[in-house]
Amino acid sequence: MNNDSRSDSPILLTPGPLTTRPEIRRTMLRDWGSRDKAFIALTAEMRQRLLAVAQGEDSHAAVPLQGSGTFIVEATIGTLIGPTDKLLVLINGAYGERMLTIAQRLKRCVTLLRWPEDQAIDPARVDHALADDPAITHVAVVHCETTTGLLNPLEALAAVTTHRKRALLVDAMSSFGALPINLRQTAIAAVMASSNKCLEGVPGLGFALIEKKALEAARGNNASLSLDLHEQCRGFEANGQWRFTPPVQVVAALVEALRTLENEGGPSARLRRYQDNFDTLAAGMAAMGFRLYLSPAVQAPIIATFWQPDAAWFDFASFYDMLATRGFLIYPGKLSHANTFRIGCIGALDRNDYQRLLVTIGDIKRELETTPVRPRV
Ligand SMILES: *Cc1c(COP(=O)(O)O)cnc(C)c1O
């Protein structure tokens, strides 16, 4: 893919920031006045396009916020969960744990359900929890748990929360723009994501698509000035401007990235490319003896978690360094009890990039097998 793999930029096989196209980075080579007409138009196009990705134009408002993905998760929980509300967090990985931490730090009333990191969230158990505790007003879930690459059953969960009349908050950070999310068909109060994952923009901005009614009702909930999404949205509605200094180049890059997504054929076409990346990677790695951590039934084609081979040649630090020297950055595992590493399948990459990666991994494996490695501990 035209990701200038021969330039200084490494290929990022991480869960973000990701490899971006040169055309997207080029849009950042100019300045914008944040209160000028041209930038106001850019912001409006960005907000409109973000809603269009999930068919939320009629029901939701797009509220962008400066910062990384965690900032928008904290802002959304702080804005939508009021002092008399109670949040149920569904956890099967590090990003679910993070939402719990955020709710606790904000001193919101919060409860949780946990599953092992290799198992999807079970909607029936959520249904029972909601039936048992009428005080719960909101449920938060991670769509694709980037910790492992596990896909949680969003539609089935939304059916449960809709039936039980509770609001659903979805951390769709690593799925938005590729895996299907349809706000016309699926009742979701808020979807949170960021500029630098499946949308293939540069890092620096998060956003939430929030049901207009819910956002309207959230006035005064958030004690934070800068993270109050009700106020942030009112700012855009008043004059089209950001309340505080926007990351102008990040916005410009995201608008270009959203136009690119449309030209590629939208999220379904992007998902097909990522699936092809994943399939190419998984088949090539299996041929070299690497095993996937997740079962295929719960695996999303976003990031692949592999067991570290239990073989004398394998040492993660050497493996990582040798790949990095050859221009590929992979990611350590993030699991509580399994020795793994991860290779991302998202970003401006296609099967040719993965074929080059597989050849390189084959070379490194041969080299490590024939040279004495440092003693394993
Ligand atoms: C990347 C990611 C986040 C946000 O991480 P930041 O480092 O703050 O950008 C949150 N949730 C999920 C599921 C993610 O993949």
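For the structure, see preceding data.
So, how was this worked out
Residues numbered from 1 in each chain as written. Predicted model: local features only at pLDDT ≥ 70, side-chain atom pairs only at ≥ 80, totals over all residues. Heavy atoms only, no water. Pairing = 2+ DSSP bridges. Helix = DSSP H or I, 4+ residues; strand = E, 2+ residues; numbered from the N terminus. Axes fitted to C-alpha atoms, helices over the stretch in contact; angles between N-to-C directions. Contact = heavy atoms within 4.5 Å. Parallel < 35°, antiparallel > 145°, perpendicular 65-115°, else oblique. Left-handed = near helix turned anticlockwise from the far one by under 90°. Nonpolar A, V, L, I, M, F, W, Y, C, P; charged D, E, K, R; others polar. Near = heavy atom within 4 Å. Polar contact = N/O pair within 3.5 Å; in protein donor to acceptor, adjacent residues only side chain to side chain. Areas by Shrake-Rupley, 256 points an atom, 1.4 Å probe, with all protein chains shown as cover. 1 Å grid on protein atoms, 1.4 Å probe; cavity = no way out; pocket = protein on both sides within 12 Å on 5 of 7 lines; lining within 4 Å. Sits in = over half its atoms within 2 Å of the grid points.

Here we come to the sheet that holds strand β5 (residues 138-142). With mixed pairing, seven strands are arranged side by side in an open sheet as β2-β10-β9-β8-β5-β3-β4. Because the sheet does not close on itself, it has two edges, and the strands there are β2 (60-66) and β4 (109-114). Strand after strand, the sheet turns through a mean of 20° between neighbouring axes, direction not considered. Summarising the sheet, strand β3 (residues 86-91) and β5 pair through three bridges and their orientation is parallel. By the bridge assignment, L88 is partnered in β5 with V139. Those strands touched by helix α4 (residues 94-105) are β3, β4, β5 and β8 (167-171), and its axis lies near 160° from that of β3.

Bringing the packing of helix α5 (residues 123-132) against helix α6 (residues 154-163) into the picture now. Orientation of α5 relative to α6, taken along the N-to-C sense of each, is 15°, at an axis distance of 9 Å. By the angle class used here, α5 and α6 are roughly parallel. Here the hand of the crossing between α5 and α6 comes out right-handed. Each of P123, V126, D127 and L130 in α5 lies in contact with α6, whose residues at this interface are A156, L157, V160, T161 and H163. Among the residues making up the contact of α5 with α6, the classes are represented as six nonpolar, two polar and one charged.

In the vicinity of the ligand, the contacting residues are S68, G69, T70, Y95, R98, V142, C144, T146, D171, M173, S174 and K197. Between the ligand and T70 there is a distance of 2.5 Å, counted from an oxygen atom to a side-chain nitrogen or oxygen. The side chain of T146 places a nitrogen or oxygen atom 2.5 Å from an oxygen atom of the ligand. For the ligand, the protein covers 85% of the area, taking 380 Å² as the surface of the free molecule. Cavity membership is defined here by more than half of the atoms lying within 2 Å of grid points; on that basis the ligand lies in the largest pocket. Elements supplying a minimum of two residues to the shell around the ligand: α3 (69-80) and α4.

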